[in-house]
Amino acid sequence: MLRRTPTGPSTTTVMVGMTALLGVTALLGASVLWGDPGLRAAPATTGAPARHPLTSTDFIKANGTVLRTDSGAGAAINLRGTNLGGWLVQEDWMSPLGEFALDRGGWTVTASTGSHASATVDGEQATHWSTSGPQRAGDQIRVDLRQPTWVNRVTLGTDRVGEHPRRLAVETSSDGQTWTNVAQQGGTDQETVVRFGLQKTRFLRLVAVDLDAAPWSISELNLFNDPVAHDAGWTAQASATATGTTPAAAVDGDPTTAWQSGVPQAPGQALTIDMQRVIQMDRLLLDAGSAAPDDFARSWEILTSTDNVTFEHAASGFGSGRTTLVDFQGWKWGRYLRIVNHATAPQWWSVADVAVYTGNQMDRAGWQISASEGQAPERVIDGDVGTRWSTGSPPAGRPAHHR
Ligand SMILES: [Ca+2]
Ligand SMILES: [Ca+2]
């Protein structure tokens, strides 16, 4: 998300060279903006590095959930974004309260146990819902979104060390009665992030799956709708398919249906998806499904192609659970996706859902575009940088060099 950078007197600019801390910043070769008047730094208007020599007190380190100077012991730092040539780029990890999350206004939160369930959506890190006693399987917190809402990511955080859910399921429902398991995974200390295929749901609940002596607490709960490609019309083919399943079940947007290999995992097995158009993508999510969560590919490779003939390596890695998030480490363009299993395992291979992320861009499928003049305006959304729309000739009365 881009925001024009305000360069008022309260904003200071400091060049940061700690790549381990701020990999994104180092990657972009940019500076980081924050608004802490206590910091010694050059004014933003110069864009110059700090003029004083760097000392150990300038070393930024996370202290709990807060970034501080002086190796974690100094002043708190609130990141405001990455300065990209006058544009302030913000990422949601900079905001523990959910900068890019869905609007929680009107939501109703209830819990099966404990009190203060609404404290999970009050915008205050200091207020919590907690099971109070040990967490038990079946403990749950439920959100009524008031209206059907698209969602594909949940984050739940607590600053109470160790009070995360040991294992939790995410379930959706249109009526609050019948629930669909869309994800199940281990929790993480402080913040747990759960991703799943895009679902339109009115109700969502988080259910503890395992018991533990530690309580489960949540200080803030957020939902997200990360841009993904529409899967309408997608088709798929597989190297082998179990009786009663189809490759198409992997791309139908329904987490309860799955393609299954029908044979133990062996190197070279492949699932090839035709997305029907060239898509610019940066990540991919594979869900083995709730019926066979252990049937994830142990070793996978993702290939992309524009013609279903020549395939190009995009990413590879190892599966470790029901959900596999593949990061392409940049943009890939392709109409065809081929997921290849490279492992030998006694389990079948199962894919219930494939989600293709489109970065910060909305999928343009289905858009209609028109222009007041010129030819073929649809070329501006055809995914081909070699085609273009143009007015063709300068409008009357305007100098040619303003074209
Ligand atoms: Ca709270
Ligand atoms: Ca499915």
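Just so you know, these numbers come straight off a predicted model, no measurement behind them.

Conventions used here
- Residues numbered from 1 in each chain as written.
- Chains lettered and ligands numbered in written order.
- Predicted model: local features only at pLDDT ≥ 70, side-chain atom pairs only at ≥ 80, totals over all residues.
- Helix = DSSP H or I, 4+ residues; strand = E, 2+ residues; numbered from the N terminus.
- Buried ≥ 20, exposed ≤ 12 C-beta atoms within 10 Å, placed from the backbone.
- Contact = placed C-beta atoms within 7 Å.
- Pairing = 2+ DSSP bridges.
- Core = buried A, V, L, I, M, F, W, Y, C linked by C-beta atoms within 7 Å.
- pLDDT = per-residue confidence, 0-100.

J.: What am I meant to see in the overall build of the chain here?
T.: For the chain, the helix and strand inventory stands at two helices and 24 strands. When the 403 residues of the chain are sorted by exposure, 33% land in the buried category. Residue pairs at least 24 apart in sequence account for 70% of intrachain contacts in the chain once pairs closer than 6 positions are excluded.

J.: Just to check I follow, could you spell out the pairing of strand β22 (residues 323-341) for this structure?
T.: Regular strands place their side chains on alternate faces of the sheet. In terms of strand pairing, strand β19 (residues 269-287) meets β22 through 14 bridges, oriented antiparallel. Considered in β22, the bridge of L285 is made with L325. Here strand β20 (residues 299-305) runs beside β22; their pairing, made up of six bridges, is antiparallel. Bridge pairing links W300 to N341 in β22.

J.: Looking at this structure, I do not really get the nonpolar core. What am I missing?
T.: Note on soluble globular proteins: their nonpolar side chains tend to be buried together. Counting 40 residues, the largest nonpolar core has A250, I273, L284, V351, V354 and V356 as the members making the most contacts within it. Elements that contribute at least two residues to this core include exactly β17 (235-238), β19, β20, β22, β23 (345-351) and β24 (353-357). It is β19 that provides the largest number of residues to this core, a total of eight residues. Beyond its immediate sequence surroundings of up to four residues, V351 is in contact with A250, A258, W259, L271, L286 and A288. Counting 28 residues, the second-largest nonpolar core is a separate cluster that includes A119, V154, A169 and V182.

J.: Can you walk me through unusual backbone geometry in this structure?
T.: Apart from glycine, the bulk of residues carry a negative phi angle, and the bulk of peptide bonds sit in the trans form. Although it is not a glycine, S71 sits at a positive phi angle of roughly 55°. Within the fold, S71 resides in helix α2 (residues 69-72). With 13 C-beta atoms counted inside 10 Å, the residue S71 sits in the partly exposed group. Backbone geometry places S132, a non-glycine residue, at a positive phi of 70°. Position of S132 among the secondary structure elements: in the loop between β10 (129-130) and β11 (140-157). Exposure remark for S132: the 12 C-beta atoms within 10 Å place this residue in the exposed category.

J.: Help me understand the sheet that holds strand β4 (residues 61-63), please; the structure alone is not making it clear to me.
T.: The pairing of strands in a sheet comes from backbone hydrogen bonds and takes either a parallel or an antiparallel form. In space, the three strands of this open sheet follow the order β4-β5-β6, with antiparallel pairing throughout. Since the sheet does not close on itself, it has two edges, and those belong to β4 and β6 (76-77), each with one partner. Sheet topology note: the β4/strand β5 (residues 66-68) ladder contains three bridges and is antiparallel. Bridge assignment links A62 to a residue of β5, and that residue is L67.

J.: Please clarify how the confidence of the model for the chain should be interpreted in this entry.
T.: Note that predicted coordinates carrying low pLDDT should not be read in detail. Put simply, the chain has an average pLDDT of 85, and 79% of its residues get 70 or more. Scored below 50 in pLDDT, residues 1-48 shows 87 contacts in the model against residues more than four places distant or in partner chains.

J.: Can you walk me through the environment of S174 in this structure?
T.: Tracing the chain through its elements places S174 in the loop between β12 (167-173) and β13 (180-186). Residues S174 and L204, 30 residues apart in the sequence, show an inter-C-alpha distance of 8.9 Å.

J.: Could you clarify how one ought to interpret the environment of F59 in this entry?
T.: On the secondary structure map, F59 appears in the loop between β3 (31-34) and β4. For the pair F59 and G74, spaced 15 residues apart in the sequence, the C-alpha separation amounts to 9.4 Å.

J.: What should I look at first to understand the pairing of β24 in this one?
T.: Among the five residues of β24, five are classified as buried, and the element is accordingly described as predominantly covered. With burial as the criterion, each face of β24 is covered, one bearing D353, A355 and Y357 and the other bearing V354 and V356. In this structure, β19 lies alongside β24, joined through five bridges in antiparallel fashion. Residue pairing across strands places L285 opposite A355, the latter belonging to β24.

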